[in-house]
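# Report on the structure
Each chain, letter by letter, is given below.
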Amino acid sequence: MRIVIAEDSVLLRAGLTKLVETAGFEVVAAVGEAEGLLAAVERHRPDAAIVDVRMPPGFTDEGIRAALVIRRQWPEVAVLVLSQYVEERYAADLLATNTSGVGYLLKDRVADVSVFLDGLRRVATGGTALDPEVVSQLLLRRNSHPLERLTPREREVLELMAEGRSNAGIAEKLVVSDSAVAKHINNIFAKLDLPHAEADHRRVLAVLRFLRGGDPA
Amino acid sequence: MASISALERVRTHAPWSAATWRDTAFVVSGVPLQLAVWVPFWAPYRFWWISAIVVLLLAHPLTRAHRERFWAMLGVEIPLLPRKAQYGPGWQGALRQLRSWTAWRVLLYHVLVGPLIAAGGLLTLWVWAAGVAMAALPTFAWALPDSSGLSPNSHAATVAVTWVGGVSLLLAAPWLAAGVTRLDTRAGVALLGPSRAEELARKVEDLAEKRASVVDAADLERRRIERDLHDGAQQRLVSLAMNLGLARETLTGIPDEAMQVIVEAHEEAKEALTELRNLIRGLHPAVLEDRGLDAALSGVAARVPLPVRLRVDVAERASSTVEAVAYFVVSEALTNVVKHAKATKVEITVDRIGDLLRVAVTDDGIGGAAPSSAAAGGGAGGAGGAGGTGLAGLARRVQSVDGTFRITSPAGGPTTITVELPCAL
């Protein structure tokens, strides 16, 4: 799979390049600022772009803005945003239109190599990867009525779902059987008045739509 | 002054002392300036209205001249009067100025007090001149003809008395010069300078300005440190942790002990990253600048292991310094809640009320937090205990932007911290 990397720190750019190449991805471009990222995406049409939030010239949210442009102009290009801090607001912007092929992870997560590469792979193939911190922040903001109906276990499952994990992944994480997870998920959908959906990203979309306080889909 | 011994006073008031010459010069230099305002009134009295206008016009340059005189000769600084700009331009401004108490104080000095002091100055001058002339009498009296009333031959007693009188005058002149100098200084400071209220008002203005710039500078510095850490240490640490992670996953066939070391190093590096991230975010979160308080606070609230209800209702953003203080208040209060309050939930509200930004943090913990307590205490403001700056630090930071800090924390809770920050800063 072909990847574009946008990261302003030279050290990390080289490190990330090495990391994803080791995992069998092809890095077609590695750039240091948002303008370069957009140019590279336009030229190479990669499968995914790994984007740092803070980049020149303003060192604030250039990366997020560039990511939003990519999502709008080249929807087929997946975007994995890396941030030094997880900010719910950035995540909400990213996820506003569509949750397929998008990820938002703390930069620290690159240290957990296999977790990070899993996330990248998931995003590049049209899935979602959200940092657990993003999820907890999103949940915090919507901790109003319907969620309070969930049991702690169901809440846990919901958080893992929102991170973009599959049923099998959730089962593994919680050390329960797949069928138990499926049951929890059905309960969640029922309690939140969400219709059952098949694909992972549709599921996340439904969850996030709820999290953002909109009407349940 | 009171501590100066009598001997010292005599020494400084000797006719040949430097202080005496300085005082005399000062007193004499004042005379022309102090008499100047009366010159226009030599005109026939039907033109005195013109004289009055001339005096009004002269008042300002004369005041300036006196200020220079006080500063150059005595080192006494008379603070500048409130600037003209304060009264507004043109005739109306001039009239407003004329109605001010300050203007009348200045005129009082120039028209009445000044001339009286000038009289003192002239007297001083006369005492010196007479003293010198009389004390010097014996040096030339021999040349006088016998018929003169001051001839030593015929009127030895008169000469002696005159000489004693002259020496007395010479000894008295320094005291007179010093007295007039002191009088003039008092009058000058009281009448030519700003009144105490004006001076205090100006000082307050000055201090407020200075404090604002200090606070801004501190804020800027915090941002610079945040940026430096982010660009430097943090990136290196991420890279280090990534490489260790890579080694951990890809190295095969190395001894178990070696792998153990790598695993430990990897975990350490991740811990360090988390700590550094929390530290940096506490300094000044970038998101605060981009997206404002709501976005930044939801991030803080999410890190609290308690249910937090956050409501931010701020239509118009406050200055970045004020936002930084509000952010600091909330994050510090939440830290205290987690550490001390034993609460089960927290509520944070931020509203903009007119020119005030009001921040309230309420928890349902054990209460009993007091602003000054260094000991146990729960609640949103539970004093720092182990190393935390706690409430005192919070209150200081709030005061730095002229905000108010209130806490209610009855034993048994709930605890509420309310902070109001003026947004205009």
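Treat the numbers as computed from the prediction; the structure is a model and nothing was measured.

Calculation criteria
- Residues numbered from 1 in each chain as written.
- Chains lettered and ligands numbered in written order.
- Predicted model: local features only at pLDDT ≥ 70, side-chain atom pairs only at ≥ 80, totals over all residues.
- Heavy atoms only, no water.
- Helix = DSSP H or I, 4+ residues; strand = E, 2+ residues; numbered from the N terminus.
- Buried < 20%, exposed > 50% of the residue type's maximum accessible area, 1.4 Å probe, protein only.
- Contact = heavy atoms within 4.5 Å.
- Areas by Shrake-Rupley, 256 points an atom, 1.4 Å probe, with all protein chains shown as cover.
- UniProt positions renumbered as here; feature names shortened; annotations may be inferred.
- Pairing = 2+ DSSP bridges.
- Axes fitted to C-alpha atoms, helices over the stretch in contact; angles between N-to-C directions.
- pLDDT = per-residue confidence, 0-100.
- Salt bridge = Lys/Arg side-chain N within 4 Å of Asp/Glu carboxyl O.
- Phe/Tyr/Trp six-rings, centres within 6.5 Å; stacked < 30°, edge-to-face > 60°.
- Right-handed = clockwise from strand over helix to strand, strands pointing away.
- Lys, Arg positive; Asp, Glu negative; His and termini not counted.
- Polar contact = N/O pair within 3.5 Å; in protein donor to acceptor, adjacent residues only side chain to side chain.
- Core = buried A, V, L, I, M, F, W, Y, C linked by side-chain atoms within 4.5 Å.

### Describing the overall build of chain A
- Of the regular secondary structure elements, chain A holds 11 helices and 6 strands.
- Here chain A, with 217 residues, has 57% of them falling under the buried criterion.
- Within chain A, contacts between residues separated by at least 24 positions form 65% of all contacts whose residues are at least 6 apart in sequence.
- Approximately 8500 Å² of chain A is accessible, and the part contributed by carbon and sulfur atoms is 51%.

### Regarding the environment of His-60 of chain B
- Residue position: His-60 of chain B is located in helix H3 (residues 48-74).
- Remark: the alpha-carbon pair of His-60 of chain B and Val-106 of chain B, spanning 46 residues in sequence, is separated by 8.7 Å.

### Some words on the UniProt feature "transmembrane region" (unreviewed entry) in chain B
Residues and elements named next belong to chain B.
- Per the UniProt record, "transmembrane region" (unreviewed entry) is annotated on residues 47-63, 106-136 and 156-177.
- End-to-end, the C-alpha atoms of residues 47-63 are 24 Å apart, and along that stretch the chain is 94% helix and 0% strand.
- Within the segment residues 106-136, helix and strand shares are 97% and 0% respectively, and the terminal C-alpha atoms sit 42 Å apart.

### Description of the sheet that holds strand S5 (residues 102-106) of chain A
All names here are of chain A.
- Pairing is parallel across the open sheet formed by 6 strands, whose spatial order is S2-S1-S3-S4-S5-S6. Of all the strands in the sheet, just strand S2 (26-31) and strand S6 (128-130) have a single pairing partner and so form its edges. Across the sheet, the mean angle separating the axes of adjacent strands is 20 degrees when strand polarity is ignored.
- Here S5 pairs with S6 via 3 bridges, running parallel. Bridge pairing links Val-102 to Thr-128 in S6.

### Describing the confidence of the model for chain A
- Summing up the model confidence of chain A, the mean pLDDT is 82 and the portion of residues at 70 or higher is 82%.
- Averaged pLDDT values over the elements of chain A bottom out at 57 in helix H7 (residues 145-148) of chain A and peak at 95 in strand S1 (residues 2-6) of chain A.

### Looking at the confidence of the model for chain B
Residues and elements named next belong to chain B.
- Chain-level statistics for chain B give a pLDDT mean of 84 and a share of 92% at 70 or above.
- Within chain B, strand S3 (residues 356-363) carries the highest mean pLDDT (93), whereas helix H4 (residues 90-99) carries the lowest (72).
- Predicted confidence is poor over residues 373-388, with pLDDT under 50, and the contacts of this stretch with residues over four places away or in other chains come to 48 contacts.
- Taken over the whole predicted complex, pTM reads 0.60, whereas the ipTM for its chain interfaces reads 0.70.

### Side note on unusual backbone geometry
- Between Pro-56 of chain A and Pro-57 of chain A the backbone carries a cis peptide bond, its omega angle lying at 5 degrees.
- Positive phi is not limited to glycine here, since Arg-45 of chain A has a value of about 40 degrees.
- Its location among the elements puts Arg-45 of chain A in the loop between helix H2 (34-44) and strand S3 (48-52).
- Overall, Arg-45 of chain A belongs to the partly exposed group, its relative accessible area being 43%.
- Located in the positive-phi region is Lys-342 of chain B, a residue other than glycine, with phi close to 55 degrees.
- Relative to the assigned elements, Lys-342 of chain B resides in the loop between helix H12 (320-341) and strand S2 (346-353).
- In this structure Lys-342 of chain B comes out as exposed when scored by relative accessible area, which is 65%.

### A short note on the pattern of salt bridges
- Within the structure shown, the criterion is met by 27 salt bridges over all chains.
- Put simply, Arg-277 of chain B and Asp-108 of chain A hold a salt bridge, and the shortest N to O gap is 2.9 Å. Placement of the pair is Arg-277 of chain B in helix H9 (residues 256-283) and Asp-108 of chain A in the loop between S5 and helix H5 (113-124), with the two residues belonging to separate chains.
- Take Asp-108 of chain A: its relative accessible area is 7%, and that puts it in the buried class.
- With a shortest N-O distance of 3.5 Å, Asp-219 of chain B and Arg-222 of chain B are connected by a salt bridge. Of this pair, Asp-219 of chain B and Arg-222 of chain B both sit in helix H8 (residues 196-250), 3 residues apart, which is roughly one turn of that helix.
- Among the ionic contacts, a cluster of salt bridges with common partners joins Asp-61, Arg-65 and Asp-93 of chain A together with Arg-291 of chain B.

### Remarks on the packing of aromatic side chains
Residues and elements named next belong to chain B.
- Counting across every chain of the model gives 4 aromatic pairs over all chains.
- With centroids separated by 5.3 Å and ring planes inclined at 55 degrees, the aromatic side chains of Phe-26 and Phe-70 adopt a geometry described as tilted. With Phe-26 in helix H2 (residues 18-36) and Phe-70 in helix H3, this pair connects stretches of sequence that are 44 residues apart.
- Through a chain of ring-to-ring contacts, three or more aromatic side chains come together here, namely Trp-38, Phe-41 and Trp-48.

### A few points about the pairing of strand S4 (residues 78-83) of chain A
Residues and elements named next belong to chain A.
- The buried count for S4 comes to 6 of 6 residues, which makes it a mostly enclosed element.
- What you see with S4 is no split at all: Ala-78, Leu-80 and Leu-82 on one side and Val-79, Val-81 and Ser-83 on the other are buried throughout.
- After leaving S3, the chain enters helix H3 (residues 62-73) and then returns to the sheet as S4, a path that is right-handed.
- The parallel pair S4 and S5 is bridged by helix H4 (residues 88-95), and the resulting crossover is right-handed.

### With respect to the side chain of Arg-67 of chain B
Residue and element names in this part refer to chain B.
- As for its position among the elements, Arg-67 is in helix H3.
- As a buried residue without a salt bridge, Arg-67 has its nearest oppositely charged side chain in Glu-77, at a separation of 4.3 Å.
- Only 2.8 Å separates the side chain of Arg-67 from the backbone oxygen of Ile-78, close enough to count as a polar contact.

### As for the UniProt feature "modified residue: 4-aspartylphosphate" (unreviewed entry) in chain A
Residue and element names in this part refer to chain A.
- Look at the UniProt record and you will see "modified residue: 4-aspartylphosphate" (unreviewed entry) annotated at Asp-52.
- Among the secondary structure elements, Asp-52 is positioned in strand S3.
- Sequence-distant contacts of Asp-52, defined by excluding residues within four places in its chain, comprise Ala-6, Glu-7, Asp-8, Gly-63, Leu-82 and Lys-107.

### Some remarks on the nonpolar core
- Counting 78 residues, the largest nonpolar core has Leu-37 and Tyr-104 of chain A together with Leu-297, Ile-348, Phe-405 and Leu-421 of chain B as the members making the most contacts within it.
- It is H12 of chain B that contributes the most residues to this core, 12 residues altogether.
- Ignoring sequence-local partners within four residues, the contact set of Leu-421 of chain B consists of Val-322, Val-325, Ala-326, Asp-355, Leu-356, Leu-357, Val-398, Val-401 and Gly-403 of chain B.
- Counting residues in each nonpolar core, the second largest holds 34 residues, with Leu-16, Leu-80, Val-110 and Val-123 of chain A among its members.

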